[in-house]
Amino acid sequence: MTVPLIINPAAGRGAGTRLERDIRAELASHHVEVEVMYSKGPGDVTRCVMQALASRPEQVLVAGGDGTVHEAVNGWMRAGGGAPLGVIPVGTGNDFAKMLAPHTDWREACACIARGATRTIDVARCNDFYFANSIGIGFDAQVAMEANRMQWLHSKIVYGVALMKVLLLKHNTPPVRVSAGEFEIETAVTLVAINNGRVEGGSFVLAPHAEIDDGRLDVVIAAGMSRLGILALVPRVLTGTHLSHRAVTAFSATRVVIESETGLPVHADGEIRYTDATRLEIEIQPKQLTVIA
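What comes next concerns the included structure. (Residues numbered from 1 in each chain as written. Predicted model: local features only at pLDDT ≥ 70, side-chain atom pairs only at ≥ 80, totals over all residues. Heavy atoms only, no water.)

### Some remarks on the pairing of strand S4 (residues 85-89)
Where burial is concerned, most of S4 is hidden: 5 out of the 5 residues are buried. Residues Leu85, Val87 and Pro89 line one face of S4 and the alternating positions Gly86 and Ile88 line the opposite face, and both faces are buried. Relative to S4, strand S3 (residues 60-64) is paired through 5 bridges, and the arrangement is parallel. Among the inter-strand pairings, Gly64 is bridged to a residue of S4, identified as Pro89. (Buried < 20%, exposed > 50% of the residue type's maximum accessible area, 1.4 Å probe, protein only. Helix = DSSP H or I, 4+ residues; strand = E, 2+ residues; numbered from the N terminus. Pairing = 2+ DSSP bridges.)

Okay, here's the thing in structure tokens:
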């Protein structure tokens, strides 16, 4: 079979471009022939996925990182679905790949694509766009912004360096109101994370109990903390043991509203969506996305 493969040349510090020949050869070894399309800039993966789905292929494949997946999921949902989405992880964090499997090896992903087994998972909608893994407000969004600027830095350490830069130079705790059903809290926060998957930023286990097909969002709120408080919490976030910390509030919900008179930085799947958001309406879309897994 011949299926469309959309490659983001900017993903993984150019890994998509460097690995194209190897990816094609690996897929061909599993009897999967591809027609390659390169995205041309921000937002173009969304367009490419919608265009590919219109031809009713058996699969639609993308090679890239979490930003590529974010755009692909938005294209898939806007097109009304169709052929299952296959992801070849060649990005920096590859958090979406961790949602589906314990590995992030692109060769294993190619073998999985050849087997063709599918799974239907949840996605979520925020205002006028969709996300697959997580939304972060505050500190983690600032870290994502800094990490995205550091294209020159090796992907294995970029989030750690970005975290320290934000901690030293851009520490703040904006006032936020979070509402979910009968639950409501208004407080200064370090971050608010709305999670479908467990891992963010490559290795931060923000939502250790999240499941991608349970029809729920896992919400994690870290109240305003000092720099030293954040630094002390980071090792616990790396191991997913932070939920018992006195500054952390965690719960699950199907719909969450976040408001602030202070403009908030917001990332979705690692992509910066807002730098000054004042209202976010977030709702789970249970079992709406078909992926190869």
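The discussion continues.
### A word on the environment of Asp44
Inspection of the secondary structure puts Asp44 in helix H3 (residues 44-54). Distance from Asp44 to Gly75, taken between C-alpha atoms, is 9.4 Å for residues 31 residues apart in sequence. Discounting residues that sit within four places of it in the chain, Asp44 has contacts with Tyr38, Ser39 and Glu71. (Contact = heavy atoms within 4.5 Å.)

### Quick word on the packing of helix H2 (residues 20-29) against helix H6 (residues 106-115)
Relative to each other, H2 and H6 sit at 40 degrees, their axes nearing to 9 Å. Here the hand of the crossing between H2 and H6 comes out right-handed. Residues Asp22, Ile23, Glu26 and Leu27 of H2 lie in contact with H6, whose contacting residues are Trp106, Arg107, Cys110 and Ile113. For the contact of H2 with H6, the per-class residue count stands at 5 nonpolar, no polar and 3 charged. (Axes fitted to C-alpha atoms, helices over the stretch in contact; angles between N-to-C directions. Left-handed = near helix turned anticlockwise from the far one by under 90°. Nonpolar A, V, L, I, M, F, W, Y, C, P; charged D, E, K, R; others polar.)

### Comments concerning helix H8 (residues 158-169)
With 12 residues, H8 extends 16 Å between its outermost C-alpha atoms, agreeing within 8% with the 16 Å of an ideal straight helix rising 1.5 Å per residue. Taken as a whole, H8 has its buried residues at Val158, Tyr159, Ala162, Leu163, Val166 and Leu167. End-on, the buried residues of H8 take up no more than an arc of 160 degrees, which puts them together on one face. Among the exposed residues of H8, those oriented more than 90 degrees off its buried face are Leu168 and Leu169. (Expected span 1.5 Å × (residues − 1). Arc of directions from axis to C-beta.)

### A look at the pairing of strand S9 (residues 183-195)
Relative to S9, strand S7 (residues 134-138) runs antiparallel, the two being bridged by 5 bridges. The residue of S9 that forms the bridge with Gly138 is Leu191. Two elements, strand S8 (residues 175-180) and S9, share 6 bridges in a ladder whose sense is antiparallel. When the bridges of S9 are listed, Pro175 appears paired with Ala188. Counting the residues in the hairpin turn of S8 and S9 gives 2 residues, including Gly181, whose phi is positive at 65 degrees.

### Digging into the state of the cysteines
Simply put, disulfide is the name for a covalent bond between the sulfur atoms of two cysteines. On inspection of all chains with the given rule, the structure shows 0 disulfides. Between Cys112, a cysteine without a disulfide, and Cys110, which holds the nearest cysteine sulfur, the sulfur-to-sulfur distance is 9.9 Å. On the basis of relative accessibility, which here comes to 15%, the residue Cys112 falls in the buried class. (Disulfide = S-S within 2.5 Å.)

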